[in-house]
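Next come the chains, spelled out residue by residue.
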Amino acid sequence: MPETPEPIRTVAPGSPQSAAYAGSGSWWSIGEPELFRRLASRAGGLSASEAASRLARDGPNVIAQARGSKALALLLGQFASPLVLMLVFAACVSAFVGELRDAMIIVAIVLISGFLGFSQEYRADRAMAALRGRIAHQARVVRDGLVQVVPSETIVAGDVVELSAGDLIAVDGVILSSTDLQVSEASLTGESFPTTKTTDASAPDAPIARRNNGVFAGTSVRSGTARVIAVATGPGTEFARVASSLAQAVPETEFTRGLRRFGYLMMQIVVAILLGVFVVNLLLHRPLVDSLLFSMALSVGLTPELLPAIISVTLARGARAMAANGVIVRRLHAIENLGSMDLLCTDKTGTLTEGVIHLDSWLDPRGEPSAEALLLGRLNACLQAGMKNPLDDAIAAAPGDAATEAGYRRLGEIPYDFVRRRLSVLVTDPVGTATLITKGAVDNVLDCCASVADRGSPRDLDSRARAAIEDLVRGWSEQGFRTLALARRTMQAAAQPSRDDERDMTLVGFLLFLDPPKEQVVESLSALVRRGVRIKVISGDNRHVVAYLARQIGLPSSEIMTGAEISEATRYALAARADAVDLFAEIDPNQKERIIAALRSRGHVVGYLGDGINDAPALHEADIGISVDAAVDVAREAADMILLRRDLGVLARGVDDGRAIFANTMKYVFVTTSANFGNMVSMALASAFLPFLPLLAKQVLLNNLLSDVPCLAISTDRVEADEIRAPQRWNIAVVRRFMIAFGLLSSLFDIATFAFLLLLAGATETLFQTGWFVESLLTEIAIVFVVRTRKAFWRSRPSPVLTGLSAVGALAAIALPYTPLAPLFGLQALPAGTIAGLIGITAAYMMASEMFKRRMRAFSLQEGGARPVPAGRGRSLG
């Protein structure tokens, strides 16, 4: 009777056993036959039915919070503010001393406000989840004996997975076979250098960094290829087990930094008002509970508690609009950063050029056409098993001799890496001769050559011959050709090639490629420059090719910095030089992050567009990382945004969207801080001189809630062209100045309202509170229309939704004292003359605010809250 296999992982995802299994099973020390037996798998992979059964049993290969718990966290987060918690505490004190009805009203208003914020943020979160689903990761697995591409979350224990350079590894697994495999494990071990992997079993007690035959979820393939068997997925992986302690911190961006500073400003003002008003009311011998509730309500009233919901709604709406234009947002706050961006760093291939590379010529070392160069180039490109690239695709598309090539067979390979910058394939011809064919960057191929093919008889590659070759290549580069070199060496057919074999080779010739500029690239670049975004090109190509392209598309080409110069520059020297340089050429991929960091240190908000394996650190370092849908997994994972089309025109529209979203966010900040600050100052002053509280705590909170409802429509508001003309940033000093100036103007009209109610309307306590409740709410709604535009408010048309909600809010303010709810909130019906007077004061306030706005000229996105990029950083084309 056959023995029943003992599976390595049979527990449900998320259970303690699954989370601990990878650490206790020592799968990295188990031999291949035993591993297959335990996993009930085989070298040919699982069948589709076996994989489906295990997926149903073990669950998807994801490390994520359940939707229910995330929704609960969002809901609880609405009430996590210290101010809200203090208010709830004060309401409990009120209930304890017998004011149960007032306590219930306050708690009800807090709950309504919290659920309103939750509903908006939850909808935004659901919308973002749907957008992220459009860029899900995929993997290559062997099922039913065939290699198939499947979503990463459907991989199960026992699946055989194929890996190549650029792949983001989705499972913990054991290597079955590999070729020069190097894996970046920084996300787990913190080690910045790639780890070389082999098939040799590791010791049972080996730490993660020494499990050389294992690969782990969350890491990425730097170079080489491999076939691995999955032993743990989802919550059972090492990454899931230690993710909370090893999560990589995302650098603080311009927008989040501004939010944090704004929070500090609000907290300082809130604490000052809370303590001051509370102490004054106690000195006036007001009831302790009433004083506590009133001062805390004032503090909550000043706080823009719906700001997170407003930001989420605005960003989610913008993300949907950007998705319709071909940009998928992975991280919401990246939209705001895109609007602040004043520098865009990009490679040239596929972004500035068509990206459809054409093999134009195949030449010998003298620069004459060479059939041998074409044959060897096609054999190298077509038989290599590593990561394909546009150059290899262009070579494969070139006309070749299919009959001749069919006689060659691949024996082995030395994969491409970014240090050697070359790829070698060992082939055997029809008569059994083995030849190592090397293709790569000219200098790197020349470094492993000892001779040059010269019309059938090789000659030594001396300094004179090398100088002549470099002159040839320079001439081609100045004409815009990208050049690869080809070399060969005869070897033993039985030998497996290694990097040590790339020596004493013979240079055979060159392959010349053309990648013309995109037709619309000049227009797209001009559109970005008009928006204050300067373009910097970071390329691995030689300086002559990069300079030629820059001249073709109108970019400045006089200042070029090479990778060799960057290697010799200190951090401070690089920061000083990089700001003035527009073209970076011959760049090692590891230098990209240094360039981005240097530019950020100069105060720029930097965007980086990349799609390669080594672009991930630069994408992470940039304020806004941008990749493309066809990028390698690690680049897409590091990016904040994904372009479905590699088109700078799409990006320019994204910049406009980002600035419009920033503009609408700042409208809410200006409206709520200035109006609330003015009302709070007025209430604080009135409470010191009136024999009663100017507003009850429940009236303050109701006023705050009703005035916030129209603000939810700010995300739909129109943004004028001059508001998106330049990069925008937070400027807390201007926000503070705006808040104080407009707040004090509001307080002047509040004092006028006090005088009207007390001297002309003969108001009693309840009538005074009702009158000021109505006037305060009307002025808060009215100021929205003044602040939302640089123009006169009657010359700029707001969105229909904003107009409609504001009208509803204003009517509710006037009608509420006449409804059955009025006694519940301590309100009473107002005489017609009093209503008319309050409307007149509101109209006068709007006109005064409009005139004051023109004098300040500090409310705009460029001058108020949004700090413009210093003059001179943008540069015109040509």
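As the structure is a prediction and not an experimental result, all values here were calculated from the model.

Caption draft 1: Region of interest: the overall build of the protein. Assigned secondary structure in the protein consists of 30 helices and 23 strands. Classification of the 878 residues of the protein by burial places 56% in the buried group. Of the roughly 35,400 Å² of accessible surface on the protein, a fraction of 59% belongs to carbon and sulfur atoms.

Caption draft 2: Expanded view of helix α18 (residues 521-530). Residues of α18 that are buried include every one of V521, S524, L525, A527, L528 and V529, and no others. Just downstream of α18, G532 is the residue with a positive phi angle, here 80 degrees.

Caption draft 3: Broad picture of the packing of helix α17 (residues 463-478) against helix α19 (residues 543-553). At their nearest, the axes of α17 and α19 sit 7 Å apart, and the two run at 20 degrees to each other. Our classification of the angle between α17 and α19 gives roughly parallel. Note that α17 runs across α19; the crossing there is right-handed. Where α17 approaches α19, its residues R474, S477 and E478 are matched on the opposing element by H544, V545, Y548 and R551. Of the residues contributing to the contact of α17 with α19, the split by class is 2 nonpolar, 2 polar and 3 charged.

Caption draft 4: Structural view of the environment of V522. Structurally, V522 can be placed in helix α18. Overall, the relative accessible area of 38% leaves V522 in the partly exposed class. Separated by 33 residues in sequence, V522 and L555 have C-alpha atoms that sit 8.9 Å apart.

Caption draft 5: Structural detail: the pattern of salt bridges. Throughout the structure, instances matching the rule amount to 31 salt bridges. The residue E50 makes a salt bridge to R42 at a minimum N-O spacing of 2.8 Å. Taking the relative accessible area as the measure of exposure, R42 reaches 37% and is therefore partly exposed. Via salt bridges that share partners, E34, R37 and R38 belong to a single interconnected network.

Caption draft 6: Main features of the nonpolar core. Ranked by size, the top nonpolar core spans 66 residues in total, and within it F773 and I783 carry the most contacts. Those elements that place two or more of their residues in this core are α9 (254-283), α25 (648-689), α26 (697-711), α27 (732-760), α28 (765-787), α29 (800-815) and α30 (832-856). For this core, the element with the most residues is α28, which contributes 14 residues. Apart from the residues lying within four places of it in its own chain, the contact partners of I783 are V671, A675, F742, Y845 and S849.

Caption draft 7: Seen up close, the confidence of the model for the protein. Per-chain confidence: the protein averages 79 in pLDDT, with 81% of residues scoring 70 or above. When pLDDT is averaged over each helix and strand of the protein, the minimum, 35, is found for helix α1 (residues 16-24) and the maximum, 95, for strand β14 (residues 449-452). Segment residues 1-24 is flagged for pLDDT under 50; beyond a separation of four residues in sequence, or across chains, it makes 47 contacts in the model. In this model residues 244-249 is a low-confidence stretch, pLDDT under 50, and it forms 4 contacts with partners more than four residues away in sequence or in other chains.

Caption draft 8: Structural view of unusual backbone geometry. Look at A40: it is not a glycine, yet its phi comes out positive at around 50 degrees. Mapping A40 onto the fold places it in the loop between α2 (32-39) and α3 (48-58). Unlike most non-glycine residues, D504 shows phi in positive territory, near 50 degrees.

Caption draft 9: Region of interest: the pairing of strand β21 (residues 606-609). Here β21 shows no split at all, with V606 and Y608 on one side and G607 and L609 on the other all buried. Of the strand pairs in this sheet, strand β9 (residues 343-346) and β21 are connected by 4 bridges, and their pairing is parallel. Counterpart to L343 in the pairing with β21 is V606. Relative to strand β22 (residues 624-628), β21 runs parallel, the two being bridged by 3 bridges. Pairing of G607 across the sheet is with I624, part of β22.

Caption draft 10: Fine view of the packing of aromatic side chains. Here the structure, examined in full by the defined rule, presents 11 aromatic pairs. With 5.8 Å between their ring centres and 50 degrees between their planes, W27 and F216 make a pair best called tilted. With W27 in the loop between α1 and α2 and F216 in the loop between β6 (214-215) and β7 (220-232), this pair connects stretches of sequence that are 189 residues apart. Across the pair, F216 and W27 agree in class, each one buried. Between F749 and Y845 the ring centres are 5.5 Å apart and the planes differ by 65 degrees, which places this aromatic pair in the edge-to-face class.

Caption draft 11: How the structure looks around empty space enclosed by the protein. Summed over the entire model, instances satisfying the criterion amount to 4 cavities of 30 Å³ or more. Each pocket or cavity is described by its volume, and for the largest cavity that value is around 80 Å³. Taken together, 14 residues line the largest cavity, and the ones lying closest to its centre are V671, S707, D708, C711 and E780. Counting residues per element, the ones that place at least two in the lining of the largest cavity are α25, α26 and α28. Grouping the constituent residues of the lining of the largest cavity by class yields 7 nonpolar, 5 polar and 2 charged.

Caption draft 12: View of the side chain of R420. Among the structural elements, R420 can be located in the loop between β11 (409-414) and β12 (422-428). Once you skip the residues sitting within four places of it in the chain, R420 turns out to touch I414, P415, N444, R499 and E502.

Caption draft 13: Quick peek at α30. Its 25 residues give α30 an end-to-end C-alpha distance of 36 Å, which sits within 8% of 36 Å, the value for a rise of 1.5 Å per residue. All of the buried residues along α30 are T834, I835, G837, L838, I841, T842, Y845, M846, A848, S849, E850 and K853. Of the surrounding secondary structure, the elements contacted by the buried residues of α30 are α27, α28 and α29.

Caption draft 14: Structural view of the sheet that holds strand β23 (residues 641-643). With mixed pairing, the 8 strands of this open sheet are ordered in space as β8-β23-β22-β21-β9-β18-β20-β19. Each end of this open sheet is capped by a strand with a single partner; those strands are β8 (327-329) and β19 (560-562). Going from strand to strand, the sheet's axes swing by 20 degrees on average, the running direction of each strand aside. Those strands touched by α19 are β18 (534-538), β19 and β20 (583-585), and its axis lies near 150 degrees from that of β20.

Caption draft 15: Inspection of a nonpolar patch on the surface at higher detail. There is a patch of nonpolar side chains on the surface, built from M267, V271 and L275 and spanning about 260 Å² of accessible area. Examined against the element boundaries, M267 turns out to sit in helix α9. Using a relative accessible area of 39% as the deciding quantity, one classes M267 as partly exposed.

Caption draft 16: Quick look at the packing of α27 against α28. Interaxial distance between α27 and α28 falls to 11 Å at its minimum, and their mutual angle equals 145 degrees. Crossing of α27 over α28 shows right-handed handedness. Along its contact with α27, which presents F738, F742, F749, D750, T753, F754, L757 and L758, the element α28 presents F768, G771, W772, E775, I783 and V787. In the contact of α27 with α28, the residues fall into 10 nonpolar, 2 polar and 2 charged.

What counts and how
- Residues numbered from 1 in each chain as written.
- Predicted model: local features only at pLDDT ≥ 70, side-chain atom pairs only at ≥ 80, totals over all residues.
- Heavy atoms only, no water.
- Helix = DSSP H or I, 4+ residues; strand = E, 2+ residues; numbered from the N terminus.
- Buried < 20%, exposed > 50% of the residue type's maximum accessible area, 1.4 Å probe, protein only.
- Areas by Shrake-Rupley, 256 points an atom, 1.4 Å probe, with all protein chains shown as cover.
- Axes fitted to C-alpha atoms, helices over the stretch in contact; angles between N-to-C directions.
- Parallel < 35°, antiparallel > 145°, perpendicular 65-115°, else oblique.
- Left-handed = near helix turned anticlockwise from the far one by under 90°.
- Contact = heavy atoms within 4.5 Å.
- Nonpolar A, V, L, I, M, F, W, Y, C, P; charged D, E, K, R; others polar.
- Salt bridge = Lys/Arg side-chain N within 4 Å of Asp/Glu carboxyl O.
- Core = buried A, V, L, I, M, F, W, Y, C linked by side-chain atoms within 4.5 Å.
- pLDDT = per-residue confidence, 0-100.
- Pairing = 2+ DSSP bridges.
- Phe/Tyr/Trp six-rings, centres within 6.5 Å; stacked < 30°, edge-to-face > 60°.
- 1 Å grid on protein atoms, 1.4 Å probe; cavity = no way out; pocket = protein on both sides within 12 Å on 5 of 7 lines; lining within 4 Å.
- Points joined across faces, edges and corners; volume = space filled by probe spheres on them.
- Expected span 1.5 Å × (residues − 1).
- Patch = residues over 30% accessible without salt bridge, like charges linked within 9 Å, V, L, I, M, F, W, Y side chains within 5 Å.

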